Amino acid sequence: MKNISLSLFGNQELLSIVTVCLAITVAIFLLFKITKRKIKSDAFSIILITAIYAVISLWQLGSNQMPITNWQAQDSDEYVIFEVMDSNPSFDTVYAIGGEGNTNALESGAQIWFNNAEVLGSNDKKTWETITILDNHSGVFSWVTAKGNWNYRYISIVFNDSTSVINEFALKKSGSDELLTLNPITLSNPDNLNSALNIIDEQTLVPLTPTYFDSSYFDEIYHPRNAWEIANGQDMYASVHPLLGTSIIAIGIKLFGMNPFGWRIMGALFGIMILPLFYLITKKLFKNHILSTIGTILFASDFMLITTSRIGTLEPFSIFFILLMTYFMIQYFFTDYQSTSFKKQLLWLALSGIAMGLAISVKWTGCYAAIALAILFFTHFITNWIKYNKAKSLNDQQSIAFKKAFKARAVKTILWCCLFFVIVPILIYFLHYIPCRVWKNDTWSIANVLKQIQSMYNYHANLEATHPYQSVWYQWLFDIRPIWYYYGQLSDGYMKTISCFNNPLISVVGVFAMLYTMFDTYKNKSKTGFIIVICYLAALLPWVLVTRCVFSYHYYPSLPFLILAIVYACKALIQKDKNNMKLILIYVSLVIILFILFMPICTGFTTSQQYVNALQWLPSWYFGG
């Protein structure tokens, strides 16, 4: 099936995924029929869309095995010599993977990476020739390979730095898929507490063709490493973001081990949970099952959601909590002082404030979304304050009831908000650092958290790095510059590639839908339109002022509200003429088709170079090869 899928659709996994999704669809349909639940219901849409997306998101997410035992140097220029035990010692591929050692054991620095360890070969243990250098360019927990033709009886790995770490080392027999048998015979430092056998004790876990499935890629060289440190009570090498999201990644590592599946599973699950949450937001804004279903399908069909959910970074947690805090504020925004109890109003505000604290504790982009919360809250408050002043001269029963309720709640609401949106988020932010050993030879304190905030700010404010796939905010609007995450050439001539950007039909149509939403909001004073516009601009406009290196995924917090603008425009089209539903369904179908076409580009599923080249529609799009 995989070969047929690859030759017919350019996606090795498509037919298998479709088969599973069809089976799940039938099962859900039968379940609703048996339980006599309505097919045309919110529950059916949420479960079906989320289930189908979950299959794709979790499909080949990552290996659940990776070499864990390691050997770490204790002095500079330590070396280990191995003897090749096979009768024919020739080999054509060198494999090595580096991790992180016991960083708590060092007074300074961190026990991490190869640090340019040298691999040497000899046939007499006197004359040594360089085979390769194990550098750090591929990153921690990522396989490094070197190809060639060598024939040496003895292999020496020389660690030039006392902070060097290696998890596994292997040599592949020339022209074979088997590995040579190695035996450590000489250690320059016999007092090293680590056994040299740790370097070669997990040979069955060596992938002959390493890909994203077996290794870290892009920013996974940072976040999973920090998560491993948190999970194992290690001093942290470095951290340039708050650590709540990293701590959530650490949960996956605790449950499933330090491997690609372990450090990606929590992000994948949060990405899956984003969809039902988005459905609830859409339903609250539009109060329509069909529109909510359309919006959620669009979100599930966007490339950004699937790509960022399948890599061990912070975006899924950040977006989830941003949407959560927005959802609770929207609930408050549609309350009034007469029909809604004060306790319920405070509940929505409290939950929004808690979610805001969690969002900011994942990434500081939560602060941008907090601006939208403030605008929505004060818009609601000021609108009711104006209504209160107008009602002062009125003596009808409804006006008297409103004046009484507003007067009793106004000051209390402001005071409670000082707790919910200032004190509570600050407490969450400061307390989330407690399980994290950010400060070597020191413990958690308010002063140390403040120092960490200053350190992170200085890093981001003074960052002068450049990247070949960086972009600027106005390029995000039309998908001008995707960021290329990963490329892996397979032994059979096929490839795996991963790029991060939006579904073009959502980006382009979304821009015009947002412009319409802005115009209609101004013209008709739409509360729903106002919420969408404010949340979108709050997420986007701060990046206009940012001059440091940024990427297309920084547009992600704006994406949900861009999709809501599309739904807003769809609603207007349907109200104008019900026959426009046909056009909307065609549009949604095209979005899904694009998602299917670009699935290998967004997920790393096996594809061909010819297929990838055919999808590079713009000169600025590059997906590898």
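Look above for the structure.
Note that the structure is a prediction, hence the values are computed from the model and not measured.

A. Representation of the sheet that holds strand β7 (residues 154–159) within the structure. As summarised here, the arrangement of the five strands in space is β5-β4-β7-β2-β10, forming an open sheet in which the pairing is antiparallel. The open sheet has two edge strands with one neighbour each: β5 (129–134) and β10 (182–187). The average undirected angle you get between the axes of adjacent strands in this sheet is 25°. Pairing between strand β2 (residues 78–84) and β10: five bridges, direction antiparallel. Looking at β10, one finds that valine 80 is bridged to leucine 187.

B. View of the packing of helix α3 (residues 42–58) against helix α7 (residues 289–300). Where α3 meets α7, the axes come as close as 10 Å, and the angle between the chain directions of the two elements is 10°. By the angle class used here, α3 and α7 are roughly parallel. Contact residues: α3 offers Asp42, Ser45, Ile49 and Tyr53, while α7 offers His289, Thr293, Thr296, Ile297 and Ala300. Among the residues forming the contact of α3 with α7, the class breakdown is four nonpolar, four polar and one charged.

C. The nonpolar core, seen in detail. In this structure, Leu298, Phe299, Phe321, Tyr485, Ile506 and Phe598 are the most contacted members of the largest nonpolar core, which totals 168 residues. Here this core gets 14 residues from one element, more than from any other, and that element is helix α9 (residues 315–333). The residues contacting tyrosine 485, other than those within four sequence positions of it, are Tyr217, Phe218, Thr307, Ile311, Ile498, Ser499, Cys500 and Tyr553. Core analysis: the second largest hydrophobic core is formed by 28 residues, Phe82, Phe114, Ile166 and Ala196 among them.

D. Geometry of the packing of aromatic side chains. For the structure on display, the rule yields 57 aromatic pairs. Both rings, one in phenylalanine 218 and one in tyrosine 485, keep their centres 4.4 Å apart while their planes meet at 25°; by these two values the pair is stacked. Of this pair, phenylalanine 218 sits in the loop between β10 and α4 (223–231) while tyrosine 485 is found in strand β11 (residues 483–489), placing the two residues 267 residues apart along the sequence. With a centroid separation of 5.2 Å and 90° between ring planes, the pair formed by phenylalanine 256 and phenylalanine 261 is classed as edge-to-face. On the accessibility criterion, phenylalanine 256 (40% relative accessible area) is partly exposed. Residue phenylalanine 261 is classed as partly exposed on the basis of its relative accessible area of 22%. Taken together, the aromatic side chains of Tyr212, Phe213, Tyr217, Phe218, Tyr485, Tyr486, Phe551 and Tyr553 make up a single cluster linked through ring pairs.

Reading the values: the criteria
- Residue numbers restart at each chain and count upward from 1, following the sequence in its written direction.
- Side-chain atom pairs in this predicted model are given and counted only at pLDDT of 80 or more, local residue features only at pLDDT of at least 70, and totals for whole chains, interfaces and linings cover all residues.
- Just so you know, side-chain values use all the structure's heavy atoms and leave hydrogens and water out.
- Whether two strands pair depends on DSSP finding at least two bridges between them.
- A run of DSSP states H or I qualifies as a helix once it reaches four residues; a run of E qualifies as a strand once it reaches two. Both are numbered from the N-terminal end.
- Lines fitted to C-alpha atoms define the axes here, with helix axes fitted over just the stretch in contact, and angles between the N-to-C directions of these axes take values from 0 to 180 degrees.
- Roughly parallel means an angle under 35 degrees; roughly antiparallel, over 145; roughly perpendicular, 65 to 115; everything else is oblique.
- Note on definitions: a residue-residue contact is assigned when non-hydrogen atoms from the two residues lie within 4.5 Å.
- The residue classification treats Ala, Val, Leu, Ile, Met, Phe, Trp, Tyr, Cys and Pro as nonpolar and Asp, Glu, Lys and Arg as charged. All others, Gly included, are polar.
- Only buried residues count toward a nonpolar core. Its members are Ala, Val, Leu, Ile, Met, Phe, Trp, Tyr and Cys residues joined through side-chain atoms within 4.5 Å.
- For the exposure calls, accessible area comes from a 1.4 Å probe over protein chains only, and a residue counts as buried if that area is under 20% of its type's maximum, exposed if over 50%, partly exposed in between.
- Between 30 and 60 degrees the pair is tilted, below 30 it is stacked and above 60 it is edge-to-face, where a pair is any two Phe, Tyr or Trp rings, Trp via its six-membered ring, whose centres lie within 6.5 Å.

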